[in-house]
Amino acid sequence: MAASGMEDERVSGEVRREEEEDDDVPQLSAAAMEALREFLAEQKQPEEQAEEGGGEGGVELVAEDWRLSQFWYDDRTARALAEEVLRLVSPSGSGSAAGAVACIACPTLYAYLKKTDPGVPAQLLEYDERFGQYGGDFTFYDYSRPEELPPSMKHAYRVVVADPPYLSKECLEKVAKTVSFLAQPEGSFLLLLTGEVQKDRALELLNVHPCGFRPQHSNKLGNEFRLFTNYDPEDRLGGWDLGTK
């Protein structure tokens, strides 16, 4: 019994020492712990997104770089846009492209187009040179130099899809110059993806109207995001939503 009592005392002493040592470890406040959890979750999201994108039915993309204002479309949005673009470049529905596509700062769409129809002539204009993996389908693009592009691209595209990286007046104005440089003078189609706040400016610069279809992103944006077109898609993409205030 005595030996047992001494052993119990020794164990109790060890527990007390461990508790005292734990007391010396700095403890985060509840607010700091919550902020840390949010930070770790944000860091993990792009990795998960890249892994999930390569699964069945999806596409594999590089991780978003939010410093470049990159936000990839969710699967529903990318599929709907790709379907519409393919319909526009091949109006006969034969599957053979009758026109080329320029994707300005929308790599998700480019990837889905190529997955759906590898033969579609599509060019990705992007600032992020990681997309150089697409070889000849990649063109470096800096919106602040809107017309510094290869001469062969001038008026070469039946369909232009643009997703300006920023919601500033300057950015949209310069992207509009790029659109004018790329689009065929007659019979071209423009799809613009940008914030609701750009509605009036987009109409003025590019003569586009909002559609009923609401694009979404894999990571939710704080700003209301819209799709605008220079043609009425009628029963597709929700048609023009001219009642939008």
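Within each chain, residue numbers correspond to sequence positions counted from 1 in written order. Thresholds applied to this predicted model are a pLDDT of at least 70 for local features of residues and 80 or more for the giving and counting of side-chain atom pairs; totals over whole chains, interfaces and linings are not thresholded and use all residues. To get the side-chain values, take all heavy atoms of the structure and skip hydrogens and water.

### Remarks on the pattern of salt bridges
Line of reasoning, step 1. Any Lys or Arg side-chain nitrogen located within 4 Å of an Asp or Glu carboxyl oxygen qualifies as a salt bridge. Counting across every chain of the model gives 12 salt bridges.
Line of reasoning, step 2. The salt bridge partner of Asp128 is Arg130, with a shortest N-O separation of 2.7 Å.
Line of reasoning, step 3. A salt bridge links Glu173 to Lys169; the shortest N-O distance between them is 3.9 Å. With Glu173 and Lys169 both in helix H5 (residues 169-182), this residue pair falls four residues apart, about one helical turn. Strands are runs of DSSP state E lasting at least two residues, helices are runs of H or I lasting at least four, and both sets are numbered from the N terminus onward.

### A few points about the packing of aromatic side chains
Line of reasoning, step 1. Side-chain rings of Phe, Tyr and Trp, where Trp is taken by its six-membered ring, are said to pair if the distance between their centres is within 6.5 Å; with planes under 30 degrees apart they count as stacked, over 60 as edge-to-face, and otherwise as tilted. One pass over the structure, following the stated rule, counts six aromatic pairs.
Line of reasoning, step 2. Their ring planes at 55° and their centres at 6.0 Å tell us that Tyr143 and Tyr166 sit as a pair that is tilted. Here Tyr143 is found in the loop between strand E3 (138-140) and strand E4 (159-162), whereas its partner Tyr166 is found in the loop between E4 and H5, with 23 residues between them in sequence.
Line of reasoning, step 3. The rule is simple: take the accessible area with a 1.4 Å probe, protein chains only, and divide by the maximum for that residue type; under 20% is buried, over 50% is exposed, in between is partly exposed. Using a relative accessible area of 18% as the deciding quantity, one classes Tyr143 as buried.
Line of reasoning, step 4. With a relative accessible area of 35%, Tyr166 lands in the partly exposed category.
Line of reasoning, step 5. Relative to Tyr231, the ring of Phe189 lies with its centre 5.1 Å away and its plane at 85°, an arrangement referred to as edge-to-face. Of this pair, Phe189 sits in strand E5 (residues 189-195) while Tyr231 sits in the segment after strand E7 (225-229), and the two are 42 residues apart along the sequence.
Line of reasoning, step 6. Aromatic rings pair up to connect Trp72, Tyr110, Phe131 and Tyr134 into one cluster.

### Some words on the sheet that holds E4
Line of reasoning, step 1. If you trace the seven strands from one edge of the open sheet to the other, you get E3-E2-E1-E4-E5-E7-E6, paired in mixed fashion. Only two strands of the sheet have a single partner each, and these edge strands are E3 and strand E6 (209-210).
Line of reasoning, step 2. Here E4 runs beside E5; their pairing, made up of four bridges, is parallel. Counterpart to Val159 in the pairing with E5 is Phe189.
Line of reasoning, step 3. This element, helix H3 (residues 75-89), spans strand E1 (101-104), E4, E5 and E7 of the sheet and lies at about 160° to E5. Two strands pair under a simple rule: DSSP has to find at least two bridges between them. Working rule for contacts: check all heavy atoms of both residues, and any pair within 4.5 Å makes them a contact. The angle between two axes is taken between their N-to-C directions and runs from 0 to 180 degrees, where each axis is a line fitted to C-alpha atoms and a helix contributes only its stretch in contact.

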